[in-house]
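Notes for the structure review
Now for the letters of each chain:
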Amino acid sequence: MRVEIVILLLAAGFATACRDTVAVDSCGRPHACEVPGWDLALVSAALDNAVGSQPGTGIPIAPRELRVRFTVRNRGTDGSLPRQAVLRWSGDWTEAKGVSDTVAIAPLPPGDSATLTAMLHITTAYLHYGAAPTPVTVQVSVETPTGGHDDYATSDTLSTAPMQLALPVARFAVEPIGRASLQVNEQFRARYRVWNAGFVEPLTGVAAVLCLWHAGDGCWPRNFAAFGRMNLPPILPGDTILVDYPTAVAPTAAWQDEADDYWYSVCIQSASWQGAYLQTPTSEVSCLGPEPSEAAWVRVRPDYEGVCAPPALATGSPLTLRYNCGFMPIPEGSSESTARAIGFFRFHLTALDAVAGVTYVVQPGPSYVYDSRGERALKPNVGDTLRFASSGRYYLESFGADTLTFTLRQR
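Here's what I pulled together on the structure shown here. The shown structure was predicted, so the numbers you read here are calculated from the model rather than taken from an experiment.

1. Digging into the overall build of the protein
A tally of helices and strands in the protein yields 3 helices and 28 strands. Across the 411 residues in the protein, those meeting the buried criterion constitute 43%. In the protein, once contacts between residues fewer than 6 apart in sequence are set aside, the share between residues at least 24 apart is 75%. When the accessible area of the protein is evaluated, it comes to approximately 20,000 Å², of which 56% is carbon and sulfur surface.

Printed below as a string of structure tokens:
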């Protein structure tokens, strides 16, 4: 009897000791029970597969498929629920485009940690931003499967130390055309320098194209096309190439009706893009003009005879003409609205060999009259009359139906 009582007392003591041990183990562990409930806190994040370091600074260089190792800890009093870690490029723009990665975080008891890895895949073929490669960071965030944060959001996000990317960095300098005025199809020399400011990868698969910009409009299908394309050879890290070749402004790269001022630049794009225009959803571009900026402006004159081949008007001889000028190529897969907008650039161009002091009547009346250099010669008078101070060939621009019949008489 006395032995049984002793055994029961010992058993009760052991049970109490076990309960006390569990409580002590839970909150006595390092980093446990720092907050009520549970909280997954990021305690470290770093590049895990550097391919070298940047000369001079020692900043690690990340490969095209970089691996980030991070540690997350439950600093609460309760076990955590399943969550996920999402990796993204930090900042508004990081000189690289890639895909984010998501890693599942299994439930963790209070004080426990888990070390996980995730991959980020850089998808750009080249870079061109700033005067030198800029270090970037990768941001790791703890989120619910549907997004959002917990009650202790300050510990849910952590960024790695700065790193350089192994991607090539295309930098270039552009020389002026060398003359203030050019005619469409007139040959000139394009001169620019391209170098690879990256540290690891050669610059490959890149083309340089020339472009004319007008009144803030870019080289996109409703405005202008690129021209003077040159596929560049591979450029090793730190190496420079000089490019010097003859080219000419394409008829699709400038307005074909009159002379105008354009901003001239050289643009770097992927060599895989073969479309008629510079900017497309699949084409990443970076452009630079000559320095100083005033040197980037050039006046481009149309090539009426070589591009539009305008027929000459003759007194008493009606002339029926379909659109003969202003055509621009419509990119494959263009929307109906884009194709229609490009069609708006079409016009009729006729020639008039005028004698000074003679009054001419052209019907239908032209919208604009230009001289041989594409400059506006005069404004048509009321009644469709034209009178020139100097003899010579003039060009009449007319809009309207696809087909128009023109008549000319003298008054």
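Now that the structure has been shown, we can carry on.
2. Quick look at the packing of aromatic side chains
For the structure shown, the criterion picks out 9 aromatic pairs. Considering the side-chain rings of Y368 and Y370, the 6.3 Å spacing of their centres and the 25° angle between planes classify their relative orientation as stacked. Here the aromatic cluster, defined as three or more aromatic residues joined through ring pairs, consists of Y304, Y368, Y370 and Y395.

3. Here's the deal with the state of the cysteines
Inspection of every chain in the model, using the stated rule, returns 3 disulfides. Here C27 engages in a disulfide with C33; their sulfurs sit 2.1 Å apart. Judged by the torsion about the S-S bond (-80°), the C27/C33 disulfide is left-handed. When its relative accessible area of 44% is taken as the criterion, C27 is described as partly exposed. Owing to a relative accessible area of 21%, C33 belongs among the partly exposed residues under this scheme. Sulfur-sulfur distance for the disulfide between C267 and C287 comes to 2.2 Å. Its S-S torsion of approximately 110° makes the covalent link between C267 and C287 right-handed. Of this pair, C267 sits in strand β18 (residues 260-270) while C287 is found in strand β19 (residues 286-288), placing the two residues 20 residues apart along the sequence. Residue C287 is classed as partly exposed on the basis of its relative accessible area of 29%.

Procedures and definitions
- Along each chain, residues carry numbers from 1 onward, in the same order as the chain's sequence is written.
- Confidence filtering applies because this is a predicted model: local features only for residues at pLDDT of at least 70, side-chain atom pairs given and counted only at 80 or more, and all residues used for totals across whole chains, interfaces and linings.
- As a convention, hydrogens and water are excluded, and side-chain values are obtained from all of the structure's heavy atoms.
- Numbering of helices and strands runs from the N terminus, with a helix taken as a DSSP run of H or I at least four residues long and a strand as a DSSP run of E at least two residues long.
- Relative accessibility thresholds used throughout: buried, under 20% of the residue-type maximum; exposed, over 50%; partly exposed, between the two (1.4 Å probe, protein chains only).
- Contacts are assigned to residue pairs with any non-hydrogen atoms lying within 4.5 Å of each other.
- Surface exposure here means Shrake-Rupley accessible area, sampled with a 1.4 Å probe, where a residue is shielded only by the protein chains that are shown.
- Whether two aromatic rings pair depends on their centres lying within 6.5 Å, for rings of Phe, Tyr and Trp, where Trp uses its six-membered ring; planes under 30 degrees apart make the pair stacked, over 60 edge-to-face, and the rest tilted.
- Put simply, a disulfide is two cysteine sulfurs that come within 2.5 Å.

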